[in-house]
There are 2 protein chains.
Amino acid sequence: MKGKPLVAVVSAGLSKFGKMEAFTGRELFVEAVDEALQRCPDLDPRKDVKAIFIGMMSESFEHQGHVAPVLSDWAGLLPAPAIRTEVACASSAAALRFGIFSILSGVYDVVLVGGLEKMTKRSTLEATEFLGMAADFPFEQWTGVTFPGLYALMATAHMHRYGTTEEQMGMVAVKNHHNGALNPKAHLQKEVTLDDALSSRMIAYPLKLYDCSLISDGASCAILTRPELAEKYTDSPVYIIGSGQGSDTLGLFQREDLTSLRAARRAAREAYEMAGVEPKDVDVAEVHDCFTIAEIIAYEDLGFCKPGEGGKFIEDGIPMLDGELPVNPSGGLKSKGHPVGATGVAQIYEIFLQLTGQAEKRQVEGCRIGLTHNVGGSGASCFVHILKGG
Amino acid sequence: MKGKPLVAVVSAGLSKFGKMEAFTGRELFVEAVDEALQRCPDLDPRKDVKAIFIGMMSESFEHQGHVAPVLSDWAGLLPAPAIRTEVACASSAAALRFGIFSILSGVYDVVLVGGLEKMTKRSTLEATEFLGMAADFPFEQWTGVTFPGLYALMATAHMHRYGTTEEQMGMVAVKNHHNGALNPKAHLQKEVTLDDALSSRMIAYPLKLYDCSLISDGASCAILTRPELAEKYTDSPVYIIGSGQGSDTLGLFQREDLTSLRAARRAAREAYEMAGVEPKDVDVAEVHDCFTIAEIIAYEDLGFCKPGEGGKFIEDGIPMLDGELPVNPSGGLKSKGHPVGATGVAQIYEIFLQLTGQAEKRQVEGCRIGLTHNVGGSGASCFVHILKGG
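In this text, all values refer to a predicted model and were calculated from it rather than measured experimentally. (Residues numbered from 1 in each chain as written. Chains lettered and ligands numbered in written order. Predicted model: local features only at pLDDT ≥ 70, side-chain atom pairs only at ≥ 80, totals over all residues. Heavy atoms only, no water.)

Caption draft 1: A look at the overall build of chain A. When helices and strands are counted, chain A shows 14 helices and eleven strands. The C-alpha radius of gyration of chain A comes to 19 Å, within 12% of the 21 Å expected for a compact globule of 390 residues. Here chain A holds 390 residues, and the buried ones make up 68% of them. Contacts in chain A between residues far apart in sequence, at least 24 positions, make up 77% of those at least 6 positions apart. Accessible surface for chain A amounts to roughly 12,300 Å². Of this, 52% is attributable to carbon and sulfur atoms. Measuring between centres, the 36 positive side-chain charges of chain A sit 3 Å from its 49 negative side-chain charges. (Helix = DSSP H or I, 4+ residues; strand = E, 2+ residues; numbered from the N terminus. Rg over C-alpha atoms; globule rule 2.2 N^0.38 Å. Buried < 20%, exposed > 50% of the residue type's maximum accessible area, 1.4 Å probe, protein only. Contact = heavy atoms within 4.5 Å. Areas by Shrake-Rupley, 256 points an atom, 1.4 Å probe, with all protein chains shown as cover. Lys, Arg positive; Asp, Glu negative; His and termini not counted. Charge placed at Lys NZ, Arg CZ, Asp CG, Glu CD.)

Structure, rendered in structure tokens:
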């Protein structure tokens, strides 16, 4: 299936990201679906949408499992059958992959994929605990380590091996906040300076407050169909031409190397091969910057630069909005926010806007090939998708 | 794809079900995978298994989310990428459906699907709370209702409308305990009399202790491949010829009728149509008897008898092991046990054994077409699969 469109994305929607005090998770999901349906007036939701696949990380935030049929119901899509997927912060990329398989299988012709997380209902301490469940219980959680600590281990390993600096990590924060300030749906729409980033409160050395993504509420969705049906629903479809997934050990202690994510390299290889595309062909990317070091490692794992050169890549300005390969034009998890279950499809939403010229102030001019990179936990799961403009 | 095999099941495995104090969920999963691999010596797990899809209901039991890659790792299947599905007690039927789609898509040729739940680590009160998350938080959980209460509402509605009796529900318990006593992997391997059932402690009128399924630990798996590759791995494959899914509102209060599950009727219709099979063609079935009333409703929703005649169906002995259409030869959720995430694929395991003549003391002679029916929560989700012997 090399280079052949797998599915068409005919619409996408995103709720406002942030601390959305007045809204439950299901209401945020409805907000995302409403946007997608408004972009796609020729689609009759109850008749055309044959199934929905939803990523959500944790039942604990809202004390609500079995969320998939609730979302089908509240979004007005019943009787569309619904399934939830969970692979930590990559939950909705898994839902997307399920949706792609379901269409390729010939069983469905139109499906809605998406994700959500309502994280701010509970205290930051509780959120930290619930997120921590994505690490290994007997061998990681038990020691008291939380996610900033796990990524701090990767950061110090990368610094030690390659000389990556705190300044380079800070530059990722500055870039992503710059982009997020241009995105009306972003959680933290404000610029920060390198000085702000470097002088912010230490969380887990070397990661400071501005090296960490946000605890946010939000939901995302995209509507997929068979490529040959795309024109029925839109004049400007985007095609998914590659989908890759990798897994790895959950525990960091089991891995040979902390400076790279094997799951990400595997996912990227599968996606590039399926798409018949090379890293140099990518015009715009949304990558999983749960911590700034994660974005630097992503540059390397995705082949945008060589291993160890991620720090230099940001220092050279290549991933800036006006650079050679803009990364996280949306503001990324860092500034747009990271409602974990929503993130994977929120990346698809951004690339959909970019490839159809709808990204307004943060539009990357002339982009044709986009990539998304969504990581679960500390890298035991990764999904890479490659999209092409119509 | 009417009547055409979708995928072949070339092997299956099941851990012992019960209160497995010495084992974590991941260890039970390894036990299930080991059995499946032993049945299938020509399969090289690390080379041949291309992906795994796992159903698990709740992260809360073991304080462990992101469980899919852990299972791939512990079962020796890495680098096979792994995804978890969740739709309450139907979580592993959803994993099976993902596996089927993934093979039909052409992306994978061999995948492992399965499920697990480790429920007895926590107190019964905690287990009741965690299971309760599968009901609607704002409109059901909040009122204090738990699952026995929700199914009691269905039971009284069925009694009121059709004259179904407590004795008929008790007969379901007697039948399933009889079968479970013949199953060495069952949680409660003991016969009960109708008197035992009717005189057992009241839980939620009219449901008594013996009307309720068990809180169990356990894991299940099945290995799927493309039909044309089946002979490479086994001499006695079973084929999945129909897969159906239905969803409905989560809240019972939103439904027009409490005596039938719309999601089950939808799932059955899709599966029967895909398989080109009618209810009368089914030789053996595993249905979701989380409560005895649920099995009676299942007879009706699956078309084994007319609406309202489920009570008479059991009274007439049709679903007995030596009856015309044996239902739950494994002992069902009632006696085999109900580690919720494992149940859907545990049903596939039983039908695989039955259709390949490996069910020993509980073998249904001459069966050729089998059916599984797996319900999530109080019926907002349902999956029906139809299998054919090779």
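Caption draft 2: Structural detail: the packing of aromatic side chains. Per the counting criterion, the structure on display carries 17 aromatic pairs over all chains. Arranged with centres 5.7 Å apart and planes meeting at 80 degrees, the rings of A:Tyr108 and B:Phe101 form a pair that is edge-to-face. You can see A:Tyr108 sitting in the loop between helix 4 (91-104) and strand 4 (110-118) and its partner B:Phe101 sitting in helix 4 (residues 91-104), one on each of two chains. An identical accessibility class is assigned to A:Tyr108 and B:Phe101; each is buried. Three or more aromatic residues joined by ring pairs make a cluster, and in this case those are A:Phe53, A:Phe98, A:Phe101, A:Tyr108, B:Phe53, B:Phe98, B:Phe101 and B:Tyr108. (Phe/Tyr/Trp six-rings, centres within 6.5 Å; stacked < 30°, edge-to-face > 60°.)

Caption draft 3: Spatial organisation of the interface of chain A and chain B. Residue-level contacts link 63 residues of chain A with 63 residues of chain B. Taking both partners together, chain A and chain B bury about 4,700 Å²; carbon and sulfur atoms supply 58% of that area. Among the residues of chain A in contact with chain B, A:His63, A:His66 and A:Phe101 are the three that bury the most area, contributing 16% of the side total. Linking chain A with chain B are four salt bridges. (Buried area = accessible area lost by both parts, 1.4 Å probe. Salt bridge = Lys/Arg side-chain N within 4 Å of Asp/Glu carboxyl O.)

Caption draft 4: Quick look at the nonpolar core. Counting residues in each nonpolar core, the largest one holds 268 residues, and the members touching the most others are A:Phe53, A:Tyr151, A:Phe304, B:Phe53, B:Tyr151 and B:Phe304. Setting aside residues up to four positions removed in sequence, A:Phe304 forms contacts with A:Tyr272, A:Pro279, A:Val282, A:Ala285, A:Tyr299, A:Phe313, A:Leu325, A:Val327 and A:Leu371. (Core = buried A, V, L, I, M, F, W, Y, C linked by side-chain atoms within 4.5 Å.)

Caption draft 5: Quick peek at the side chain of B:Asp289. Residue and element names in this part refer to chain B. Position of aspartate 289 relative to the elements: it lies in the loop between strand 9 (284-286) and helix 11 (292-301). Among buried Asp, Glu, Lys and Arg side chains, aspartate 289 stands out as unpaired, with lysine 175 the closest opposite charge at 6.5 Å. Here the side chain of aspartate 289 touches leucine 333 through a polar contact of 2.7 Å, landing on its backbone nitrogen. Among residues more than four places away in sequence, those in contact with aspartate 289 are Asn176, Ser213, Ala294, Glu295, Asn328, Gly331, Gly332, Leu333 and Lys334. (Polar contact = N/O pair within 3.5 Å; in protein donor to acceptor, adjacent residues only side chain to side chain.)

Caption draft 6: View of the pattern of salt bridges. All names here are of chain A. Inspection of every chain in the model, using the stated rule, returns 40 salt bridges over all chains. In this structure, the salt-bridge partner of arginine 39 is glutamate 35, at a minimum N-O distance of 2.6 Å. Taken together, the shared-partner salt bridges connect Glu35, Arg39 and Lys185 into one network.

Caption draft 7: Region of the structure containing a nonpolar patch on the surface. A cluster of nonpolar side chains, namely A:Trp74, B:Phe139 and B:Phe253, defines an oily patch on the protein surface of about 330 Å² accessible area. Its relative accessible area of 43% is what places B:Phe139 among the partly exposed residues. (Patch = residues over 30% accessible without salt bridge, like charges linked within 9 Å, V, L, I, M, F, W, Y side chains within 5 Å.)

Caption draft 8: Examining the relation of the copies chain A and chain B more closely. Superposition record for chain A on chain B: RMSD 0.0 Å, screw rotation 180 degrees, translation along axis 0.0 Å. In symmetry terms, the pair is related by a two-fold rotation axis. With an isologous cut-off of 70% or more, the 100% of interface residues of chain A that recur at the interface of chain B puts this contact in the isologous class. (Least-squares fit on C-alpha atoms with pLDDT ≥ 70 in both.)

Caption draft 9: Inspection of unusual backbone geometry at higher detail. Residue A:Pro206 is reached from A:Tyr205 by a cis peptide bond, and omega for that bond is 5 degrees. Mapped onto the secondary structure, A:Pro206 falls in the loop between strand 5 (202-204) and strand 6 (207-208). Between B:Leu78 and the following residue, B:Pro79, the backbone shows a cis peptide bond with an omega angle of 10 degrees. Structurally, the position occupied by B:Pro79 is in the loop between helix 3 (67-74) and strand 3 (82-86).

Caption draft 10: The arrangement of the pairing of strand 2 (residues 51-55) of chain A in detail. Residue and element names in this part refer to chain A. Most of strand 2 sits out of view: five of its five residues are buried. Neither face of strand 2 is exposed, since Ala51, Phe53 and Gly55 on one face and Ile52 and Ile54 on the opposite face are all buried. The pairing of strand 2 with strand 4 spans five bridges and is parallel. Note that in strand 4 the partner of alanine 51 across the bridge is valine 111. Here strand 2 runs beside strand 3 (residues 82-86); their pairing, made up of four bridges, is parallel. By the bridge assignment for strand 3, isoleucine 54 is matched with arginine 84. Regarding topology, helix 3 (residues 67-74) serves as the crossover connection from strand 2 to the parallel strand 3, and that connection is right-handed. (Pairing = 2+ DSSP bridges. Right-handed = clockwise from strand over helix to strand, strands pointing away.)

Caption draft 11: Seen up close, the environment of B:Pro279. Locating B:Pro279 in the fold gives a position in the loop between helix 10 (262-275) and strand 9. Ignoring sequence-local partners within four residues, the contact set of B:Pro279 consists of B:Tyr272, B:Leu302, B:Gly303 and B:Phe304.

Caption draft 12: Structural detail: the packing of helix 7 (residues 166-180) of chain B against helix 11 of chain B. All names here are of chain B. In contact at an axis separation of 8 Å, helix 7 and helix 11 are set at 95 degrees when each is read in the N-to-C sense. In terms of their interaxial angle, helix 7 and helix 11 are classed as roughly perpendicular. Contact residues: Gln168, Met169, Val172, Ala173, Lys175 and Asn176 in helix 7; Thr292, Ile293, Glu295, Ile296 and Tyr299 in helix 11. Among the residues making up the contact of helix 7 with helix 11, the classes are represented as six nonpolar, three polar and two charged. (Axes fitted to C-alpha atoms, helices over the stretch in contact; angles between N-to-C directions. Parallel < 35°, antiparallel > 145°, perpendicular 65-115°, else oblique. Nonpolar A, V, L, I, M, F, W, Y, C, P; charged D, E, K, R; others polar.)

Caption draft 13: A look at helix 5 (residues 124-132) of chain B. When we look at burial in helix 5 of chain B, the residues that qualify are B:Ala127, B:Phe130, B:Leu131 and B:Gly132. Lining the buried residues of helix 5 of chain B we find helix 6 (147-162) and helix 14 (340-355) of chain B.

Caption draft 14: Broad picture of helix 7 of chain B. Residue and element names in this part refer to chain B. With 15 residues, helix 7 ought to run about 21 Å at 1.5 Å a step, and its terminal C-alpha atoms sit 21 Å apart, in line with that. For helix 7, the full list of buried residues reads Gln168, Met169, Gly170, Val172, Ala173, Lys175, Asn176, His177, Asn179 and Gly180. Looking at the packing, one finds that the buried side of helix 7 touches helix 6, helix 8 (194-198), strand 6 (207-208), helix 11, helix 12 (310-315) and helix 13 (332-335). (Expected span 1.5 Å × (residues − 1).)

Caption draft 15: Representation of the side chain of A:Thr372 within the structure. Summarising the element assignment, A:Thr372 is placed in strand 10 (residues 369-376). Ignoring sequence-local partners within four residues, the contact set of A:Thr372 consists of A:Glu286, A:Gln347, A:Ile348, A:Ile351, A:Phe383, A:Val384, A:His385 and A:Leu387.

Caption draft 16: Representation of the pairing of strand 11 (residues 381-389) of chain A. Residues and elements named next belong to chain A. Of all nine residues making up strand 11, eight are buried, and the element is well covered by its neighbours. Sheet analysis places strand 8 (residues 238-247) next to strand 11, joined by nine bridges and oriented antiparallel. Across the sheet, valine 238 pairs through a bridge with glycine 389, a residue of strand 11. Here strand 10 pairs with strand 11 via eight bridges, running antiparallel.

Caption draft 17: Highlighting the confidence of the model for chain A. Taken residue by residue, chain A gives an average pLDDT of 97. The fraction at 70 or more is 100%. Across the interfaces of the predicted complex, the ipTM metric reaches 0.98, alongside a pTM of 0.98. (pLDDT = per-residue confidence, 0-100.)

Caption draft 18: Quick peek at the packing of helix 4 of chain B against helix 14 of chain B. Residue and element names in this part refer to chain B. Across the interface, helix 4 lies against helix 14 with an axial gap of 5 Å and an inter-helix angle of 60 degrees. The orientation of helix 4 relative to helix 14 falls into the category oblique. Listed contacts from helix 14 to Ser91, Ser92, Ala93 and Leu96 of helix 4 are Gly341, Ala342, Thr343, Gly344, Val345 and Ile348. Here the contact of helix 4 with helix 14 is built from residues that sort into five nonpolar, five polar and no charged.

Caption draft 19: Examining the environment of B:Leu371 more closely. All names here are of chain B. Tracing the chain through its elements places leucine 371 in strand 10 (residues 369-376). Its relative accessible area of 0% is what places leucine 371 among the buried residues. Counting along the chain gives 17 residues from leucine 371 to lysine 388, while the straight-line C-alpha distance between them is 8.9 Å.

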